[in-house]
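# Coordinates in review
What follows is the residue order along each chain.
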Amino acid sequence: MPDRRQLLALGAATGAAALMAGCSVLPSLPVPGRQAPAADPAYRRTAANHLYRRYPQRIYPGKLPPMLYAIGVLEVVVEGNGRVGSFKWLRSPTHAPEVVAQIERLVRDAAPFPSPGSRTSYIDTWLWDRSGRFQLDTLSEGQLQG
């Protein structure tokens, strides 16, 4: 008979497999001849601060409510001159396509970003309230207990 640790490991592996099976986001394949820049965790804070300065009226003040309207994970490619090259949703709030469109517009309209010196990318999680205000995970003030 398996011991407790073996049962826990089996349960964790089964749960992870079930979670991955239900995942609607598939990993992207590299485009031949074009290498995507590696995500830059240092530039992530720079980009988040830039978005907060650009949209102070859209930032949710204080701790977020326990139930958010939408959460999305977005990778943004920033060219060396600060222009937005492209972006890719790693986890899109599919139940809220209007939020996807708003976030994409906010990112594009915030350009130019501070120059990273060379092409780079960063990944951040958008925490979106029903009011249309947001926080980025990088600079989040946390969330109230439900």
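What this report covers is the structure whose coordinates are included nearby.

The rules we used
- Residues numbered from 1 in each chain as written.
- Predicted model: local features only at pLDDT ≥ 70, side-chain atom pairs only at ≥ 80, totals over all residues.
- Heavy atoms only, no water.
- Pairing = 2+ DSSP bridges.
- Helix = DSSP H or I, 4+ residues; strand = E, 2+ residues; numbered from the N terminus.
- Axes fitted to C-alpha atoms, helices over the stretch in contact; angles between N-to-C directions.
- Contact = heavy atoms within 4.5 Å.
- Expected span 1.5 Å × (residues − 1).
- Buried < 20%, exposed > 50% of the residue type's maximum accessible area, 1.4 Å probe, protein only.
- Arc of directions from axis to C-beta.
- Phe/Tyr/Trp six-rings, centres within 6.5 Å; stacked < 30°, edge-to-face > 60°.

## A look at the sheet that holds strand S3 (residues 120-128)
Pairing within the open sheet is antiparallel, and its four strands lie in the order S2-S1-S3-S4. Two strands in the sheet have a free side with no partner beyond their single neighbour: strand S2 (84-91) and strand S4 (134-136). When the angles between neighbouring strand axes are averaged without regard to direction, this sheet yields 30 degrees. Bridge analysis of S3 against S4 gives three bridges, and the strand direction is antiparallel.

## Details of the side chain of His50
Residue position: His50 is located in helix H2 (residues 41-54). The residues touching His50, leaving out its near neighbours within four places in the chain, are Ala110, Pro112, Phe113 and Pro114.

## Description of helix H3 (residues 97-109)
For H3, which comprises 13 residues, the first-to-last C-alpha distance of 18 Å matches the rise-based estimate of 18 Å (1.5 Å per residue) to within 8%. Within H3, the full set of buried residues consists of Val99, Val100, Ile103, Leu106 and Val107. Along H3, the residues classed as buried sweep out an arc of 130 degrees about the axis, all on the same side.

## Brief notes about the pairing of S2
Pairing of strand S1 (residues 70-78) with S2, which is carried by six bridges, proceeds in the antiparallel orientation. The partner of Leu74 across the bridge, within S2, is Trp89. Taking the residues that link successive antiparallel strands as the turn, the S1-S2 hairpin has five residues, and the phi of Gly82 there is positive, at about 95 degrees.

## Describing the packing of aromatic side chains
All told, the structure shown has five aromatic pairs when counted by the stated rule. When the ring of Tyr52 is compared with that of Phe134, the centres are 6.5 Å apart and the planes differ by 85 degrees; the resulting orientation is edge-to-face. Linking Tyr52 in helix H2 with Phe134 in strand S4, this pair joins segments that are 82 residues apart in sequence. Since its relative accessible area comes to 17%, Tyr52 is described here as buried. The class of Phe134 is buried, set by a relative accessible area of 0%. Three or more aromatic residues link up through ring pairs in this structure, and these residues are Tyr52, Trp126, Trp128 and Phe134.

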